[in-house]
Amino acid sequence: MSLSLPTPVTRRLDAFTGRWTMYRLTVFLLLGITAWSFVLSFAGALFYTPAALAATAVTAVVSALVASRVMGLLFRTRPQTDSSLITGLLLYFLLWPSTEGSALLTVALAAGAATASKYLLVWRGRHIFNPAALGAAVLALTGLGAAAWWVAAPLMLVAVLPAAALILYRNRLLPMAGVFLLAAGVIITVRMIAAGETLPAALWTLLASYPVVFFAGFMLSEPLTLPPRRLQRLAEAAVVGVLFAVPLSIGPVFMSPELALLAGNLLAFALAPRTGIRLRLRENRALTPTARELVFEPVRPLRFQPGQYVELSLPHGTADARGTRRIFSLTTAPEDPGTVAVGLRAAEPVSSFKTALLKLKPGAVVSATAVAGDFLLPRDRGVPLLLVASGIGITPFMSQLRSLAAGGGPDGTLPRDVVLVYAASSADELAYAAELHGMGLRVLVCTPEDPQIRGWTWLGPGLPDAQTLAREVPDVASRAAYVSGSPAAVSAARAAVRGAGGRSVRTDAFLGY
């Protein structure tokens, strides 16, 4: 997804949100909203007392942490602290704040049920249901309690709105949230107008008194229950939005936000059945002085499309703030089912995840939680392409180009009109240069010194500006453009392509680059 925000704004946002994993960023933002709830409570601007908020928050978080440790021991896995904190904090905002023992017991039960679902209601490494929504639903379905969604208070929106926007921007899920808000918002607004509300009053009530913003930012966006493709996510958002807004009931069970989300989770599971992903390391080879390619053999056949990514999971004892999961673009072609590879930067400072990954010996098995992504080439092979890669941003293009080469002539050349703009910090950092040269595609190389590769056009250091790009690729307007690399490089390249007359630009920014 591409945002039409000014380049300096997107650069700052990408730099800020890319400092942490999605899970750690979510924890920080939820803690910020929690702190704001206490500010409102102490100021008398929130119905609930500070004592009730504190008791509920501590009960939810501690119960989730303890349940996670217990389940980890039972299933002999390392519990994820960030995940437990997120579950506990979400339930804090969903359930009635109270200091009464019986009410706090239901909070603890909801946290226990939510945590247990991460281990019991799982299909090959992926959650079937959103854990926090399931925990709240269990209380309602058993008659032990009901979710209050008290986070939907007018002044809470001050903290919830920017936090939800950051999460959705970080995860590139703003379109999905927009579809949900449109579907739910239209129905709820029409219902209120039919009941006598004015349009402005109905819209304000929707935002300030319904948990639509919090729901879209922190519940609907839960990554381990999302389908892998953009259109599938939009379909799920539309269905959840309708169920969220329409007052349905089946016998004594009435539709609620949490049940709407669980129904959406089932739809997502049906749209994209998940398979177990286990990869056995075959080779760890150098691409450049600061980049490597890890080559694996899938234990089971792995289905993917060129340009997609895989999320590797590697629990390790010294995990830093970036966590134990990481997304990497696939570099191999699906036409070679016995090989799956990823490319990565290995320059200092290296995260704990990359350190553990690079220390693996051949034969080691790594699990993955998902293959996903929409950075896919047009199906019509008659559409000419412009690929712009910066640094390790070449990796998704290697999967696409290798797939094209597999369907090309016996000499390995491509059966498609492709221009590749490839920028690197030095000629030594041009990963896959020999393989790319053998494909016979036109390459505009951007390095401080001329790499002197026969047939390649050297443009000097840095990505080309719009004027240079228009001169070197005069038919840029007719090409489908794809840009991959760091957030800063993607922003600059996208602006150059559009300035040169490019119309269709798809981007793949490597957050945490």
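The coordinates are above.
Keep in mind that this is a model prediction, so the values were computed, not measured. (Residues numbered from 1 in each chain as written. Predicted model: local features only at pLDDT ≥ 70, side-chain atom pairs only at ≥ 80, totals over all residues. Heavy atoms only, no water.)

### Digging into the overall build of the protein chain
At step 1: For the protein chain, the count of helices and strands is 17 helices and 16 strands.
At step 2: Taking 2.2 N^0.38 as the reference for a compact globule, 513 residues should give roughly 24 Å; the C-alpha atoms of the protein chain span a radius of gyration of 25 Å, in line with that estimate.
At step 3: C-alpha extents for the protein chain along the principal axes are approximately 75 × 55 × 40 Å.
At step 4: The buried share of the protein chain, taken over its 513 residues, is 54%.
At step 5: Expressed as a percentage of contacts within the protein chain between residues at least 6 apart in sequence, the contacts between residues at least 24 apart total 72%.
At step 6: For the protein chain, the exposed area adds up to about 21600 Å²; of that, 62% sits on carbon and sulfur atoms.
At step 7: Side chains of the protein chain give 43 positive and 28 negative charges; the mean places of these two sets differ by 5 Å. (Helix = DSSP H or I, 4+ residues; strand = E, 2+ residues; numbered from the N terminus. Rg over C-alpha atoms; globule rule 2.2 N^0.38 Å. Buried < 20%, exposed > 50% of the residue type's maximum accessible area, 1.4 Å probe, protein only. Contact = heavy atoms within 4.5 Å. Areas by Shrake-Rupley, 256 points an atom, 1.4 Å probe, with all protein chains shown as cover. Lys, Arg positive; Asp, Glu negative; His and termini not counted. Charge placed at Lys NZ, Arg CZ, Asp CG, Glu CD.)

### Description of the nonpolar core
Soluble globular proteins: nonpolar side chains tend toward being buried together.
At step 1: With 80 residues, the main nonpolar core has Phe 93, Met 156, Phe 180, Phe 214, Phe 218 and Met 219 as its most contacted residues.
At step 2: Top contributing element to this core by residue count: helix α2 (residues 22-42), with nine residues.
At step 3: Setting aside residues up to four positions removed in sequence, Phe 214 forms contacts with Leu 30, Leu 90, Phe 93, Leu 94, Trp 149, Val 151, Val 160 and Met 219.
At step 4: Listed in part, the 33 residues of the second largest apolar core include Phe 375, Leu 377, Ala 405 and Leu 430. (Core = buried A, V, L, I, M, F, W, Y, C linked by side-chain atoms within 4.5 Å.)

### A closer look at the packing of helix α8 (residues 174-194) against helix α10 (residues 212-219)
At step 1: At a minimum axis separation of 10 Å, α8 and α10 run at an interaxial angle of 150°. The angle between the axes of α8 and α10 places the two elements in the roughly antiparallel class. Note on packing geometry: the crossing formed by α8 with α10 is right-handed. Facing Ala 177, Phe 180 and Leu 181 of α8, the residues of α10 in contact are Val 212, Phe 215 and Ala 216.
At step 2: Of the residues contributing to the contact of α8 with α10, the split by class is six nonpolar, no polar and no charged. (Axes fitted to C-alpha atoms, helices over the stretch in contact; angles between N-to-C directions. Parallel < 35°, antiparallel > 145°, perpendicular 65-115°, else oblique. Left-handed = near helix turned anticlockwise from the far one by under 90°. Nonpolar A, V, L, I, M, F, W, Y, C, P; charged D, E, K, R; others polar.)

### Some thoughts on helix α9 (residues 199-209)
At step 1: All of the buried residues in α9 are Ala 202, Leu 206 and Ala 208.
At step 2: Contacts from the buried residues of α9 go to α8 and α10.

### A word on the sheet that holds strand β11 (residues 385-390)
At step 1: The strand order across the open sheet built from six strands is β14-β13-β12-β11-β15-β16, with neighbouring strands paired in parallel fashion. Because the sheet does not close on itself, it has two edges, and the strands there are β14 (457-458) and β16 (504-509).
At step 2: Direction of pairing for strand β13 (residues 442-446) relative to β14: parallel, over a ladder of two bridges. Its bridge partner lying in β14, Leu 444 is registered against Thr 457.
At step 3: Here helix α17 (residues 487-499) sits on the sheet in contact with β11, β15 (480-485) and β16, set at roughly 175° to β16. (Pairing = 2+ DSSP bridges.)

### What to know about the packing of aromatic side chains
At step 1: By the definition in use, this model includes 15 aromatic pairs.
At step 2: Ring geometry for Phe 215 and Phe 244: centres 5.2 Å apart, planes at 65°, overall edge-to-face. Residue Phe 215 is located in helix α10, and its partner Phe 244 is located in helix α11 (residues 230-245); the two are separated by 29 residues in the primary sequence.
At step 3: Overall, the relative accessible area of 0% leaves Phe 215 in the buried class.
At step 4: With relative accessibility at 10%, the residue Phe 244 sits in the buried group.
At step 5: By way of ring pairs, the aromatic residues Phe 47, Tyr 48, Tyr 92, Phe 93, Trp 150, Phe 214 and Phe 218 are connected into one cluster.
At step 6: The side chain of Arg 172 reaches across the aromatic face of Tyr 169, ending 4.7 Å from its centre. (Phe/Tyr/Trp six-rings, centres within 6.5 Å; stacked < 30°, edge-to-face > 60°. Lys NZ or Arg CZ within 6 Å of the ring centre and 35° of its normal.)

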